[in-house]
Amino acid sequence: MQISSNVLDLPSFNFYQMKVFNTRKEVFTFINATKNSNKTIGYVPTMGALHQGHASLVEQSIAENNITIVSVFVNPTQFDNASDLDKYPRNLDEDINLIKKINPSIVIFAPTAKELYQNNVASKKYSFDGLEHEMEGKYRAGHFDGVGTVLELFFSLITPTNAYFGEKDFQQLQIVKKLASKYNLGVNIIGCEIFREQSGLAMSSRNERLSPEGRQEAAFINKTLLKAKELFNLKSASKVEEWVSKEFSKSKNFNLEYVSIANTETLKPVKRKSKKQQYRIFIAVFIDNIRLIDNIALN
Ligand code: AMP
């Protein structure tokens, strides 16, 4: 996917004072002031360490709304692994600079966990009608409860018209759509295409933690998914999954966690192909002990 500009190369607009809120009260006051103006609010939730994948969501929100709010918050309740949470890259100053270069009128909300959760940093329990039990749900206990909890909090504070999510986290996107419709949250959930590095590697904040060699090698993930897509025209889903597993087992630098060819709506694994259904292939793989995920449409 192309975006209009390479935001990282633009000069910064230092003469503009950006709105960077840290408290719920500041957001509440700002949103209240816009209430009677009929302005649409676009919202982009992020965990920071922003890159051009995030920027593409922000640009879409700017194009489609009067006001855009970006949250930068590493949400503790969606991590099941303390060291992963610890090592998650954080650099708010760089994030603010990147956003400022896209458009200095964007509002940033970067609360602490204590501020956002009001001292009760814990997940609610959700049912997403089975979507939460597939793929990531099998390997990241409680992950989607954490995602649901934090998004409900953000949605209730920001009251967005539209909220933007990447297909990079396709299962999350489907779960957020379910969250919004099942619990009547009054927000349109908009899915955005995956933004990739030139090598095909899906952009991710975690890519920063890869060694230079690891980053090069990680291009193998998308290349393999593209070959799997060709193979899917000829072979069953299980044969294609087997082939992908074999490809990854050939290199000792990769540790494949799962590969799944699944129905796009239900996320259930495909048993028998049907021309009427849409399918995607999903993958989670460790390289340099960093967990990367990717997916592509198969038909
Ligand atoms: P994160 O900061 O990783 O939680 O991501 C925040 C949002 O950006 C999520 O909706 C992600 O799916 C989306 N996102 C992350 N990387 C990409 C990418 N490479 N292309 C498109 N969207 C992305």
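Going by the structure above, here's the rest.
Attention here is on the structure that accompanies the text. No experiment lies behind these values; they were computed from the predicted model shown.

1. A few points about the pairing of strand β2 (residues 41-46)
Piece 1. Burial within β2 is extensive, with 5 of its 6 residues counted as buried.
Piece 2. As defined by bridge partners, β2 adjoins strand β3 (residues 67-72) across 6 bridges and the pair is classed as parallel. Each residue of the ladder has a partner; that of I41, found in β3, is I67.
Piece 3. For the crossover from β2 across helix α2 (residues 52-64) to β3, the handedness is right-handed.
Piece 4. Of the pairings in the sheet, the one linking β2 to strand β5 (residues 162-166) comprises 2 bridges and is parallel in character.

2. Here we look at the site of the ligand
Piece 1. Around the ligand sit 17 residues, and of these M47, H54, D169, F195 and M203 come closest.
Piece 2. A distance of 2.9 Å separates an oxygen atom of the ligand from a polar backbone atom of M47.
Piece 3. Within the side chain of H54, an N or O atom sits 2.9 Å from an oxygen atom of the ligand.
Piece 4. Protein contacts shield 92% of the accessible area of the ligand, which totals 490 Å² for the unbound molecule.
Piece 5. Placement of the ligand is best described as lying within the largest cavity.
Piece 6. For the shell around the ligand, the element with the highest residue contribution is α2, accounting for 3 residues.
Piece 7. A breakdown of the residues in the shell around the ligand according to their chemical character gives 8 nonpolar, 6 polar and 3 charged.

What counts and what doesn't
- Residues numbered from 1 in each chain as written.
- Predicted model: local features only at pLDDT ≥ 70, side-chain atom pairs only at ≥ 80, totals over all residues.
- Heavy atoms only, no water.
- Buried < 20%, exposed > 50% of the residue type's maximum accessible area, 1.4 Å probe, protein only.
- Helix = DSSP H or I, 4+ residues; strand = E, 2+ residues; numbered from the N terminus.
- Pairing = 2+ DSSP bridges.
- Right-handed = clockwise from strand over helix to strand, strands pointing away.
- Near = heavy atom within 4 Å.
- Polar contact = N/O pair within 3.5 Å; in protein donor to acceptor, adjacent residues only side chain to side chain.
- Areas by Shrake-Rupley, 256 points an atom, 1.4 Å probe, with all protein chains shown as cover.
- 1 Å grid on protein atoms, 1.4 Å probe; cavity = no way out; pocket = protein on both sides within 12 Å on 5 of 7 lines; lining within 4 Å.
- Sits in = over half its atoms within 2 Å of the grid points.
- Nonpolar A, V, L, I, M, F, W, Y, C, P; charged D, E, K, R; others polar.

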